[in-house]
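Each chain, letter by letter, is given below.
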Amino acid sequence: MNILIFLCLLCNSLILNAQLFHQKNNTSVEFFWNQTTTEKTIPQNLNIFWFGSHKAIIIPESISHTPEYSIIPWKKSSQEISAPSPLTGKQMGVVQTPGVQPLGYELDGDIKVFRLIAQPIEHTIVDEKYSTFAHLIPNKNEVPHEMHHALRYQKIKCWGYNGSTPGPTIEATEGDRVRIILQNELPEPTSIHWHGIELPNNQDGAAPETQRPVMPGETYTYEFTLYQSGTLMYHSGHNVMRQDHMGLNGTFVIHPKQYENHIDKDFVIMLQQWAIPPGSEYLNLVTMDFNWFTFNGHAAPNIPVLIVNQGERVRLRFSNIIMDSHPIHIHGYIWQEVGTEGGPIPPLAQIKGSTILVPAGSTRDVEFIAWNPGLWRLHCHKLHHIINAHAEVPMGIMEHGSMFTLVHVIPKNKNEPWVHPKQKDENV
Ligand SMILES: [Cu+2]
């Protein structure tokens with residue numbers, strides 16, 4: 001497969017939707033253009049031509065992302081990328097971010113010190129080799145496989161923190177003093193904005209308004225005290241459209257001073273979306289036609305199943321920094337909206353539902369008691385968001401993809417008949 005990128009000589013931008021993905025011979029090529037395939041003939045040995053209103057130059061993919069040619073370099077070829085900070089993988093809190101390594105901290109006196117390395121990463125969104133939930137589905141329920149759209153493999157060249165996108169969840173407690181040391185291994189300047197956090201202006205990470213951007217190779221230190229609690233976020237505060245879409249975001253959980261130990265399972269799910277031209281590992285950053293949607297950087301069927309025991313109190317924290325809203329729905333339960341990025345919602349104001357809309361730039365926390373055993377779907381209810389690469393799938397029976405996973409509520413006693421909690425009350 002010979003993938004080429006088109007660079008417009010007039011508007012000086014990459015024509016990212018126009019991607020050659022198959023070269024039949026020297027002169028006839030197929031283009032993917034606004035989700036339709038057209039065939040064009042290009043004179044041999046000519047690498048400049050008109051494509052619609054764009055005068056385009058064809059650059060082979062092998063050199064299109066090198067510093068000499070690229071407008072959007074993913075990584076400088078000479079760049080050294082560090083291994084994730086040794087604090088990565090160190091579980092020191094109580095929340096789980098399935099699919100993302102936890103992040104521990106060091107103590108400097110009373111200050112909790114976290115380390116984030118912003119860096120180019122190669123990240124696998126979905127790997128056709130395995131499914132996290134196929135083994136849970138009874139064989140007798142399977143539709144003949146030939147009727148299915150096949151699973152597929154999708155890797156992306158993107159940016160992340162400490163080797164992952166989203167970056168690791170930062171977990172601290174109201175009243176803590178935190179220090180976050182950012183190391184920039186990106187090919188361009190960056191900063192981190194602490195989204196929703198009430199802090200001094202010079203710690204807000206809005207470069208260049210409140211700080212000089214952190215140049216490639218530089219390290220920068222943020223330090224502030226946490227005066228609030230809730231599910232908050234962090235993301236790039238410089239060249240935001242590109243850097244956030246490239247994957248530079250994460251969740252920042254601040255527990256209340258009086259820790260709520262009534263929560264048995266506390267999960268963070270960060271919502272992300274990507275536009276990936278067919279056959280490519282590079283992101284299209286200039287379209288709003290997203291075709292991959294992920295929970296914690298993974299698409300179904302690779303999103304970890306959330307495993308809880310019957311009777312446990314479960315909290316799900318959804319965080320969403322990117323540009324679309326996602327209505328996340330659960331089967332078999334009515335949950336309660338208990339928090340936003342503004343903190344806990346007073347009990348009398350909590351709304352019940354089975355779907356929670358998570359707007360762009362917001363977080364939503366829901367809670368439920370896992371009374372109902374079984375396999376329950378948890379997914380976005382924008383239906384294009386539960387299909388992988390929806391622009392190119394054939395309309396067969398399509399495997400669920402993108403923002404789709406299961407909550408597996410393990411029964412206390414497998415042989416017990418199903419009982420609704422209200423029924424139990426009636427029997428008392
Ligand atoms: Cu969605």
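Predicted model, so just to flag it, every value in this text is computed and none were measured.

S.K.: Describe the overall build of the protein, with residues and values.
M.R.: When helices and strands are counted, the protein shows three helices and 29 strands. In the protein, which comprises 428 residues, the share counted as buried stands at 39%. If you take every contact in the protein between residues at least 6 apart in sequence, the share linking residues at least 24 apart comes to 74%.

S.K.: Describe the pairing of strand 22 (residues 335-340), and please don't skip the residues or the numbers.
M.R.: Sheet analysis places strand 22 next to strand 24 (residues 352-353), joined by two bridges and oriented antiparallel. Within strand 24, the position partnered with W335 by the bridge is G353. Pairing between strand 22 and strand 23 (residues 343-344): two bridges, direction antiparallel. Bridged to G339 within strand 23 is P344. Turn length for the strand 22-strand 23 hairpin, with the two strands adjacent in sequence and antiparallel, is two residues.

S.K.: Which residues make up the confidence of the model for the protein, and what are the values?
M.R.: Summing up the model confidence of the protein, the mean pLDDT is 84 and the portion of residues at 70 or higher is 79%. Taken together, the stretch residues 42-47 has pLDDT below 50 and engages in seven contacts with residues farther than four places along the chain or on a different chain. Of the regions scoring below 50 in pLDDT, residues 59-70 engages in 21 contacts with residues more than four places distant in sequence or in other chains.

S.K.: Summarise the nonpolar core; cite the residues concerned and give the values.
M.R.: The biggest cluster of nonpolar side chains holds 74 residues, and the ones touching the most others in it are A118, F252 and I269. Counting residues per element, this core draws most heavily on strand 8 (residues 111-126), which supplies seven residues. Among residues more than four places away in sequence, those in contact with I269 are F295, N296, L316, R317 and F318.

S.K.: An account of unusual backbone geometry is needed here, citing residue identities and associated values.
M.R.: With an omega of -5°, the peptide bond running from T165 to P166 counts as cis. By secondary structure assignment, the location of P166 is in the loop between strand 10 (154-161) and strand 11 (170-173). A positive phi angle is found at N162, which is not glycine, with a value near 55°. Assignment of secondary structure puts N162 in the loop between strand 10 and strand 11. In the Ramachandran plot, S402 falls in the positive-phi region, its phi being about 45° despite a non-glycine side chain.

S.K.: An account of the sheet that holds strand 29 (residues 404-410) is needed here, citing residue identities and associated values.
M.R.: Within the open sheet, the five strands sit side by side as 19-29-27-21-25. Their pairing is mixed. A strand with exactly one partner marks an edge of an open sheet, and here the two such strands are strand 19 (306-309) and strand 25 (355-358). In this sheet, adjacent strand axes meet at a mean angle of 20° when their direction is disregarded. Here strand 21 (residues 326-330) runs beside strand 27 (residues 374-380); their pairing, made up of three bridges, is antiparallel. What sits directly across from H329, in strand 27, is H379.

S.K.: Just give me the short version of the sheet that holds strand 15 (residues 230-236), but keep the residues and values in it.
M.R.: The strand order 11-16-15-13 describes an open sheet built from four strands, whose pairing is mixed. Unpaired on one side and paired on the other, strand 11 and strand 13 (192-195) mark the two borders of the sheet. This sheet shows a mean twist of 25° between the axes of neighbouring strands, independent of strand direction. Where strand 15 and strand 16 (residues 249-255) come together, six bridges link them in antiparallel fashion. Considered in strand 16, the bridge of Y234 is made with G250.

S.K.: Which residues make up the environment of T165, and what values go with them?
M.R.: With respect to the helices, strands and loops of the structure, T165 is situated in the loop between strand 10 and strand 11. Here the alpha-carbon distance between T165 and H298, two residues 133 residues apart in the chain, equals 9.2 Å. Excluding its chain neighbours within four sequence positions, the residues that come into contact with T165 are I121, H123, C158, G160, G247 and G297.

S.K.: Describe the environment of G205, and please don't skip the residues or the numbers.
M.R.: Among the secondary structure elements, G205 is positioned in the loop between strand 13 and strand 14 (219-225). Along the chain, G205 and Y234 lie 29 residues apart, while their C-alpha atoms are 9.6 Å from each other. Discounting residues that sit within four places of it in the chain, G205 has contacts with S191, I192, H193, W194, Q211, Y222 and G237.

S.K.: An account of the pairing of strand 29 is requested, with residue identities and associated values reported.
M.R.: Most of strand 29 sits out of view: five of its seven residues are buried. Inspection of the sheet shows strand 27 paired to strand 29 by six bridges, in the antiparallel sense. Within the sheet, the bridge partner assigned to G374 lies in strand 29 and is V409.

S.K.: A description of the environment of L232 should follow, citing residues and the corresponding values.
M.R.: By the secondary structure assignment, L232 is in strand 15. Take L232: there are 24 C-beta atoms within 10 Å of it, and that puts it in the buried class. Here the alpha-carbon distance between L232 and I170, two residues 62 residues apart in the chain, equals 9.4 Å.

Conventions used here
- Each chain has its residues counted from 1, running along the sequence as written.
- In keeping with the model being predicted, local features are shown solely for residues with a pLDDT of at least 70 and side-chain atom pairs are shown and tallied solely at 80 or more, while totals for entire chains, interfaces and linings include all residues.
- Numbering goes from the N terminus for both helices and strands, where a helix is a DSSP run of H or I of at least four residues and a strand is a run of E of at least two.
- The exposure scheme places C-beta atoms from the backbone and then counts, for each residue, the other C-beta atoms within 10 Å of its own, assigning buried at 20 or more, exposed at 12 or fewer, and partly exposed in between.
- Note on contacts: each residue gets a C-beta atom placed from the backbone, and two residues are in contact if those atoms are within 7 Å.
- Think of it this way: DSSP has to see at least two bridges between two strands before they count as a pair.
- The predictor's confidence in any single residue is recorded as pLDDT, a number from 0 to 100.
- What makes a nonpolar core is a set of buried Ala, Val, Leu, Ile, Met, Phe, Trp, Tyr and Cys residues, with links drawn between C-beta atoms within 7 Å.
- Lines fitted to the C-alpha atoms define the axes, with helices restricted to the stretch that makes contact. Angles between their N-to-C directions range from 0 to 180 degrees.

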